[in-house]
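Structural features, examined
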Amino acid sequence: MVPDFLIQLKDFISQPWPWWVAGPMIALIMFILLFFGKEFGISANLRIMCAADGAGEFSDFFKFDWQSQGWNLMVALGAMFGGYIASHYFVGGSDVAHVSAATVESLKELGFNYKQGEVPLVPEFYSWESLFTLRGLIIIVGGGFLVGFGARYAGGCTSGHAISGLSALQLPSLIAVVGFFIGGLVMTHLVFPILF
Amino acid sequence: MKISRYIFVGILLGVTLYKAEAVSWFRIYEMFHFQSFHMYGIIFSAIIAGMGIVQIIKRTHMKSTEGKEITFHPKDRSVPRYLIGGIIFGLGWALAGVCPGPMFILMGSGYTVFIVFLAAAMFGTFTYGLVRNKLPH
C-alpha cells in the first residue's frame with residue numbers, strides 16, 4: 001500500500017502551480033547551479049551539441065572544451081525527465097493551460113475555438129503530421145531556427161539573460177530582454193494575423 | 001562532474017515549468033497580449049528572488065562546492081548584439097511558444113516532434129557560428 005501522505009503529496013503537486021511557486025523555484029535552480037560553480041543557461045546546450053557533432057571543423061565558435069560543459073547537457077536531460085514525470089504522474093486529470101477569458105476570446109480570432117478551461121497545454125500543430133503543412137513547418141522549423149540563432153547571437157535565452165542576467169543586475173541582459181519582447185510583440189501582433 | 005545532481009536540477013526545472021504551464025504556447029501568446037499576470041509573475045518573482053540570492057552570495061563571499069568563491073562575470077558591453085539577437089530570439093519564442101528549456105521538457109513529455117525543433121535550433125546556432133564574424137556585435 002502507498003501511504004496516504006504520499007498520495008496527498010502527489011495530489012498537491014498535481015495542481016497547476018501558481019506563479020509565486022514557479023518563480024522562486026526557478027531562482028532556487030539558479031542558486032543550486034551557482035552553488036555547484038556553474039551558471040544557469042539552457043541555450044548553451046545548443047552550442048555544446050553542435051560542438052559535440054563536430055561543428056568545430058566549420059567555425060572556431062564551436063572549438064572549445066565542450067566536454068567540460070557536459071553538466072549542462074545533464075540539466076537538459078533532466079528537464080526531459082522532468083517533462084515526462086510531470087506529464088505522466090502529476091497532471092491531476094487535466095492537461096490544460098488555464099489561460100484567461102480574454103485570451104480564450106482573442107484565440108478565436110486566430111481560429112482556435114476553445115471553451116475556457118479546455119485550452120490544451122500544447123497546441124495541435126505540434127505533431128509530425130503538421131510538418132507537412134506550411135504553417136506547421138514555419139512554426140516548428142522556422143521557430144526553432146530563430147530561437148537557436150537568436151539565443152546565441154544575444155548570448156543567452158530566457159534562463160541566461162532574463163533570470164540569471166537580470167538577477168545579477170547586468171545591463172546587457174536588460175537590453176536582450178527588451179529585444180525578446182520587441183520580437184515577441186512583433187510576432188504575436190503583426191505576423192500571427194497573417195500566419196493564422 | 002557528478003552527473004546525478006545535474007539531472008536532478010533538470011528534473012526540478014522540468015516539473016516546475018511544466019506544472020506552471022510555462023511550456024504552453026498559449027501561455028506565451030497570452031503573455032504577449034498582456035492578458036494575464038501569470039507569466040510576468042513567474043519571471044518577476046524569479047528575478048526578485050534571484051536578486052536576493054545574488055546579493056547574499058556576494059556579501060557572504062559564498063564558496064561553491066568546488067571550493068572557489070562564486071563570481072559573476074560581467075557580460076561584454078554592447079547594444080546591437082543583445083538587441084538584434086534578442087529580437088530574433090523573441091520572434092522565435094513567440095512563434096514557437098517555447099524557449100530552449102521547454103523544448104527539452106516537451107520532448108520528454110511525449111511531443112517527439114520537438115526533435116525536429118531541436119535540430120532546427122541547433123542549425124540556427126550552427127548558422128550563427130558560421131556568420132558571426134559578419135554580424136554587428
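Residue indices follow the written sequence of each chain, beginning from 1 at its first position. Each chain takes a letter, starting from A, and each ligand takes a number, starting from 1, following the order in which they are written. Since the coordinates come from a predicted model, pLDDT governs what is reported: local features require at least 70, and pairs of side-chain atoms require 80 or more to be given and counted, while whole-chain, interface and lining totals use all residues.

**Some words on the overall build of chain B**
For helices the rule is a DSSP run of H or I covering at least 4 residues; for strands it is a run of E covering at least 2, with both sets numbered from the N terminus onward. A tally of helices and strands in chain B yields 6 helices and 0 strands. Reading the secondary structure of chain B in the N-to-C direction produces α-α-α-α-α-α. Its C-alpha atoms put chain B at 45 × 40 × 35 Å along the principal axes. Considering only contacts within chain B whose residues lie at least 6 apart along the sequence, 46% involve residues at least 24 apart. Once C-beta atoms are placed from the backbone, any two residues with those atoms within 7 Å are in contact.

**Some details on the overall build of chain A**
A tally of helices and strands in chain A yields 8 helices and 0 strands. The N-to-C order of helical and strand elements in chain A reads α-α-α-α-α-α-α-α. Across its three principal axes, chain A shows a C-alpha extent of roughly 50 × 50 × 35 Å. For the exposure call, what matters is how many other C-beta atoms sit within 10 Å of a residue's own: 20 or more marks it buried, 12 or fewer exposed, and in between partly exposed, using C-beta atoms placed from the backbone. Burial analysis of chain A (196 residues in total) assigns 47% to the buried set. Long-range contacts, defined here as pairs at least 24 residues apart, represent 52% of the contacts in chain A between residues at least 6 apart.

**Comments concerning the interface of chain B and chain A**
With 100 residues of chain B at the interface, the matching set in chain A holds 106 residues. Taken together, the elements giving at least two residues each to the side of chain B that touches chain A come down to α1 (3-19), α2 (25-32), α3 (38-60), α4 (80-96), α5 (100-108) and α6 (114-131) of chain B. Here the nonpolar group is Ala, Val, Leu, Ile, Met, Phe, Trp, Tyr, Cys and Pro; Asp, Glu, Lys and Arg are the charged ones; every other residue, Gly included, is treated as polar. Its residues assigned to classes, the side of chain B that touches chain A comprises 62 nonpolar, 26 polar and 12 charged.

**A short note on the environment of M62(B)**
Its place among the elements puts M62(B) in the loop between α3 and α4. Ignoring anything within four residues of it in the chain, the contact list for M62(B) reads I57(B) and I70(B).

**A word on the packing of helix α6 (residues 134-154) of chain A against α4(B)**
Axes here refer to lines fitted to C-alpha atoms; in helices the fit is confined to the stretch in contact. Angles between the N-to-C directions go from 0 to 180 degrees. Two elements in contact, α6(A) and α4(B), have axes separated by 7 Å at closest approach and are oriented at 155°. Taken together, the axes of α6(A) and α4(B) are roughly antiparallel relative to one another. For the pair α6(A) and α4(B), the sense of crossing is left-handed. Contacts between α6(A) and α4(B) involve I139(A), G142(A), G143(A), G144(A), L146(A), V147(A), F149(A), G150(A), A151(A), Y153(A) and A154(A) from the former and R81(B), Y82(B), I84(B), G85(B), G86(B), I88(B), F89(B), L91(B), G92(B), W93(B), L95(B) and A96(B) from the latter. When its residues are assigned to classes, the contact of α6(A) with α4(B) shows 15 nonpolar, 7 polar and 1 charged. For classification purposes, an angle smaller than 35 degrees is called roughly parallel, one larger than 145 roughly antiparallel, one from 65 to 115 roughly perpendicular, and anything else oblique. The handedness criterion is simple: a crossing whose near helix is rotated anticlockwise from the far helix by less than a right angle is left-handed, and one whose near helix is rotated clockwise is right-handed.

**Focus: the confidence of the model for chain B**
How sure the predictor is of each residue is captured by pLDDT, a score from 0 to 100. Of the residues in chain B, 99% reach a pLDDT of 70 or more, and the chain-wide mean stands at 96. Our summary of model confidence lists the complex with pTM equal to 0.96 and ipTM equal to 0.96.

**A few points about unusual backbone geometry**
Its identity as a non-glycine residue notwithstanding, L169(A) has a phi of 55°, on the positive side. For L169(A), the location among the structural elements is in the loop between α7 (158-167) and α8 (171-195). We classify L169(A) as partly exposed; it has 13 C-beta atoms within 10 Å. With a phi close to 55°, F34(B) is a non-glycine residue in the positive phi region. In this fold, F34(B) is placed in the loop between α2 and α3. A count of 11 C-beta atoms within 10 Å places F34(B) in the exposed class.

**Focus on the domain arrangement of chain A**
Residue ranges for the domains originate in an automatic or database domain assignment. Each domain of chain A was delimited in the assignment, giving domain 1 (96-122) and domain 2 (125-196). The straight-line distance from the C-alpha centre of domain 1 of chain A to that of domain 2 of chain A is 21 Å.

**Regarding the nonpolar core**
The biggest cluster of nonpolar side chains holds 110 residues, and the ones touching the most others in it are M30(A), F89(B), M103(B) and L106(B). Considering every element that reaches this core, the biggest residue donor is helix α2 (residues 19-35) of chain A, with 10 residues. In this view, L106(B) contacts G83(A), V122(A), V23(B), V98(B), Y111(B) and F114(B); residues no more than four positions away in its chain are not counted. By definition, a nonpolar core groups buried Ala, Val, Leu, Ile, Met, Phe, Trp, Tyr and Cys residues that are joined through C-beta atoms within 7 Å.

**As for the packing of α8(A) against α4(B)**
With their axes 6 Å apart at the nearest point, α8(A) and α4(B) run at an angle of 40° to one another. Taken together, α8(A) and α4(B) sit at an angle that is classed as oblique. You can see that α8(A) and α4(B) cross each other, and the crossing is right-handed. The residue inventory of the contact of α8(A) with α4(B), partitioned by class, reads 19 nonpolar, 7 polar and no charged.

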